[in-house]
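Structural features, examined
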Amino acid sequence: MPLRVYNVLGRKKEEFKPIREGHVRLYVCGPTVYDHTHIGHAKLYVSMDIVVRYLRYLGYSVRYVQNITDVGHLLDSGEDRIVKGVRRERVEPMELVERFTRYYFRDMDALGVIRPDISPRASGHVPEQIALAQTLIDDGHAYEANGSVYFDVSSWPAYGKLSGRQVDEMESGARVAVLGEKRHAADFALWRKAEPDHILQWDSPWGRGYPGWHAECSAMASKYLGQPFDIHGGGLENMFPHNECEIAQSEAATGVPFANYWLLAGSLTIDGVKMSKSLGNSITIQDALKRWKPQVIRTLVLSTHYRNPLDFSETAIQATGRGWERINSTANRIRQQLRTAEEGEIDAGFASFLKEHRASFIEKMNDDFNSPAALGVLHDATHGINSHLSLPGSPSRGTLEAVDQLYSDLAGDVLGILTEEATGGASAEREAGLIELLLDLRSKARKDKDWVSADRIRDGLRKLGVAVEDRPDGAGWRIER
RNA sequence: GGCGACGUAGCCAAGUGGCAAGGCAGGGGUCUGCAAAACCCUCAUCACCGGUUCAAAUCCGGUCGUCGCCUCCA
């Protein structure tokens with residue numbers, strides 16, 4: 001079964017067909033870097049990370065572009081977001097955005113989110129955004145008014161095709177701030193005139209100003225991916241107006257489609273309510289990482305379909321953590337046993353069990369990246385693997401290698417939820433060797449019924465975060481924290 | 001007010017016409033020096049009402065409820 005994705009543009013699942021065979025060009029709206037990243041970002045970018053990882057698993061060559069918004073954009077109060085951060089942190093604007101850009105990457109790295117191939121900064125693409133506005137003016141889709149440039153929604157009948165909104169409906173909405181210089185309430189800024197004290201401003205054909213808040217994505221996506229490109233990802237809450245405006249201005253400027261598939265992720269709530277700084281229930285990724293393993297945070301995100309909302313709660317993440325532990329500890333145990341396994345082929349029946357589960361995992365992921373169902377397959381597989389391994393006798397090297405391959409491909413490469421000790425590394429190897437040396441000593445003590453020594457080793461290891469587990473075929477261990 | 005999504009066991013969550021995946025928690029066992037882990041067994045007619053159908057959690061209509069967006073955050 002081929003990969004099918006739910007395309008928000010058209011609101012239905014479609015078979016995914018890239019423009020160029022074997023290649024996928026993907027754009028995802030990135031963060032505004034004026035404050036710390038929070039778990040809402042984690043939900044969105046882990047979701048998109050899975051899309052990228054899975055496409056690569058399928059063999060596609062993916063070019064992933066994600067912007068860094070460092071030019072501000074206005075808050076409700078009329079204040080520029082970057083300016084707000086500058087005031088709070090008492091630094092230069094570029095110092096602020098550099099700082100939070102680094103924090104963003106640091107946090108995403110910690111969560112195992114693979115970096116985009118290109119992370120273009122909006123501030124570095126002002127000429128491209130000016131050119132976009134100019135093209136739209138030249139073609140009659142935009143107009144200049146009092147030093148600002150607005151997109152003329154009435155010139156583009158397709159406006160609203162992504163969100164399903166009608167311009168007329170919005171006009172009646174009393175909450176749309178109507179600027180006197182705009183011809184239509186729904187017209188949006190491509191370029192804004194800057195007041196003299198506005199910190200971030202550039203020269204333009206219309207005087208000093210700064211880009212409108214949708215321009216950067218259009219300009220940078222087409223610059224690095226061409227147009228049309230394959231997939232545009234982002235958060236559902238940005239469908240309107242942001243994504244809608246991107247489409248309108250990009251398609252009006254070029255006459256060709258912007259992106260073929262729109263994949264939008266559901267948002268995150270905390271204990272049932274929206275997370276927002278004003279409500280004071282915002283959790284930064286740094287704080288979350290102090291309490292939970294990054295792999296557990298990822299697993300929580302994956303346990304809900306990316307298009308659905310995720311409710312983050314203490315009970316939810318704890319339950320996820322325990323379930324995750326089963327998969328991770330089994331994967332680790334396989335790694336350990338592989339070190340001392342005896343040569344031997346895999347049993348044919350068990351080989352086909354693994355093969356079926358891999359196929360089933362792929363089938364779920366092919367259905368619009370159904371990670372919760374795929375995770376279910378992994379749990380099923382783990383169940384069967386543990387059953388098989390609890391049979392008398394030591395598993396052969398062939399068996400262990402096949403299981404290790406399954407975990408490493410699906411739980412490791414695609415979902416990114418395995419811990420370090422399951423994936424190797426020089427330091428991990430040494431640590432494992434030391435632990436196993438101690439377990440050797442303990443095994444000798446147990447044989448001599450020297451329970452005091454045996455328990456001293458077990459308790460000592462536990463204090464270091466290593467849990468010892470006795471099994472019929474010898475003692476195993478796993479990292480608990 | 002407008003647009004949209006959702007409502008499946010104590011909790012989380014797949015499933016879009018044909019006997020309701022999976023995880024957590026709970027109950028009962030096995031193994032074990034003790035412990036932990038693992039294994040075995042067990043635990044739901046799908047918000048409500050009406051309709052279509054041989055057959056509906058799945059389709060249609062209505063009711064109630066929750067959430068999101070329309071305005072800064074992803």
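Residues numbered from 1 in each chain as written. Chains lettered and ligands numbered in written order. Predicted model: local features only at pLDDT ≥ 70, side-chain atom pairs only at ≥ 80, totals over all residues. Heavy atoms only, no water.

Along the chain, the position of Gln129 falls in helix H4 (residues 126-138). Reaching out from Gln129, the side chain makes a polar contact with the backbone oxygen of Ala122 at a distance of 3.3 Å. Those residues in contact with Gln129 that lie beyond four places of it in its chain are Ala122, Pro211, Ala215, Glu216 and Ala219. (Helix = DSSP H or I, 4+ residues; strand = E, 2+ residues; numbered from the N terminus. Polar contact = N/O pair within 3.5 Å; in protein donor to acceptor, adjacent residues only side chain to side chain. Contact = heavy atoms within 4.5 Å.)

This brings us to the sheet that holds strand E8 (residues 209-211). The strand order across the open sheet formed by four strands is E5-E6-E7-E8, and the pairing between neighbours is antiparallel. On the outer flanks of this sheet lie strand E5 (142-145) and E8, each paired with one strand and no other. Going from strand to strand, the sheet's axes swing by 20 degrees on average, the running direction of each strand aside. Strand direction decides the pairing type here: E5 and strand E6 (residues 148-151), joined by four bridges, are antiparallel. Paired with Ala142 across the bridge in E6 is Phe151. On the sheet, H4 packs against E5, E6, strand E7 (188-193) and E8 and is oriented at approximately 120 degrees with respect to E7. (Pairing = 2+ DSSP bridges. Axes fitted to C-alpha atoms, helices over the stretch in contact; angles between N-to-C directions.)

Taking 1.5 Å per residue, 27 residues should reach 39 Å; helix H10 (residues 314-340) reaches 39 Å between its end C-alpha atoms and fits that length. Of all the bends in H10, the greatest, near 25 degrees, is centred on Glu325. (Expected span 1.5 Å × (residues − 1). Bend = angle between axes of the 7 residues up to and from the residue.)

Taken domain by domain, chain A comprises domain 1 (4-265) and domain 2 (425-481). On a C-alpha basis, the centroid separation for the pair domain 1 and domain 2 is 53 Å. (Domains from an automatic or database assignment.)

Attention shifts here to the sheet that holds strand E4 (residues 61-66). One open sheet holds the four strands; their spatial order is E4-E3-E9-E10, and the pairing between them is parallel. Edge strands, defined here as strands with exactly one partner in the open sheet, are E4 and strand E10 (259-265). Taking each pair of neighbouring strands and ignoring which way they run, the sheet shows an average axis angle of 20 degrees. Across the sheet, helix H7 (residues 239-254) is in contact with strand E9 (229-235) and E10; its angle to E10 comes to roughly 165 degrees.

Note that Asp368 resides in the loop between helix H11 (348-366) and helix H12 (371-389). When sequence neighbours within four positions are dropped, the list of residues in contact with Asp368 reads Arg4, Val5, Tyr6, Lys13, His305, Tyr306 and Arg307.

Here we come to the pairing of E9. The buried fraction of E9 amounts to seven of the seven residues, a majority that puts the element mostly inside the structure. Both strand E3 (residues 23-28) and E9 contribute to a ladder of three bridges, which runs parallel. Following the sheet pairing, Tyr27 is matched in E9 by His232. Sheet topology places E9 next to E10; six bridges connect them, and they run parallel. Paired with Gly234 across the bridge in E10 is Leu264. Read from E9 through H7 to E10, the crossover connection turns out right-handed. (Buried < 20%, exposed > 50% of the residue type's maximum accessible area, 1.4 Å probe, protein only. Right-handed = clockwise from strand over helix to strand, strands pointing away.)

What follows is about the packing of aromatic side chains. In total, this model carries 17 aromatic pairs according to the counting rule given. Their ring planes at 80 degrees and their centres at 5.1 Å tell us that Phe229 and Phe258 sit as a pair that is edge-to-face. Of the two residues, Phe229 is situated in strand E9 and Phe258 in the loop between H7 and E10; the sequence distance between them amounts to 29 residues. Its relative accessible area of 0% is what places Phe258 among the buried residues. Grouped by ring-pair contacts, the aromatic residues Tyr27, Phe229, Phe258 and Trp262 constitute a single cluster. Seen from the ring of Tyr6, Arg307 lies directly overhead, with NZ or CZ sitting 4.0 Å from the centre. (Phe/Tyr/Trp six-rings, centres within 6.5 Å; stacked < 30°, edge-to-face > 60°. Lys NZ or Arg CZ within 6 Å of the ring centre and 35° of its normal.)

In this model, helix H3 (residues 93-110) (18 residues) spans 26 Å end to end at C-alpha, consistent with the 26 Å of a helix rising 1.5 Å per residue. Residues of H3 that are buried: Pro93, Leu96, Val97, Phe100, Thr101, Tyr104, Phe105, Asp107 and Met108. Down the axis of H3, the sector holding all buried residues measures 165 degrees, keeping them to one side. In this structure, the buried side of H3 is in contact with helix H1 (39-57), E4, helix H2 (81-89) and helix H8 (285-291). Of the residues flanking the end of H3, it is Gly112, one or two places downstream, whose phi is positive at about 75 degrees. (Arc of directions from axis to C-beta.)

To continue, consider the packing of H10 against H12. Where H10 contacts H12, the axes come no closer than 10 Å and their chain directions differ by 45 degrees. In terms of orientation, H10 and H12 fall into the oblique class. Note that H10 runs across H12; the crossing there is left-handed. On H12, the residues touching Gly323, Arg326, Ile327, Thr330, Arg333, Ile334 and Gln337 of H10 are Leu378, His379, Thr382, His383, Ile385, Asn386 and Leu389. In terms of residue class, the contact of H10 with H12 is made up of five nonpolar, seven polar and two charged. (Parallel < 35°, antiparallel > 145°, perpendicular 65-115°, else oblique. Left-handed = near helix turned anticlockwise from the far one by under 90°. Nonpolar A, V, L, I, M, F, W, Y, C, P; charged D, E, K, R; others polar.)

Moving on: the environment of Asp80. If you trace the backbone, Asp80 turns up in the loop between E4 and H2. The sequence separation of Asp80 and Ile199 amounts to 119 residues, and the corresponding C-alpha distance is 8.8 Å.

Applying the stated criterion across every chain, the model contains 29 salt bridges. One salt bridge in this structure joins Arg88 and Glu89, with 3.0 Å as the shortest N-O distance. Look at Glu89 and you get partly exposed, because its relative accessible area is 27%. (Salt bridge = Lys/Arg side-chain N within 4 Å of Asp/Glu carboxyl O.)

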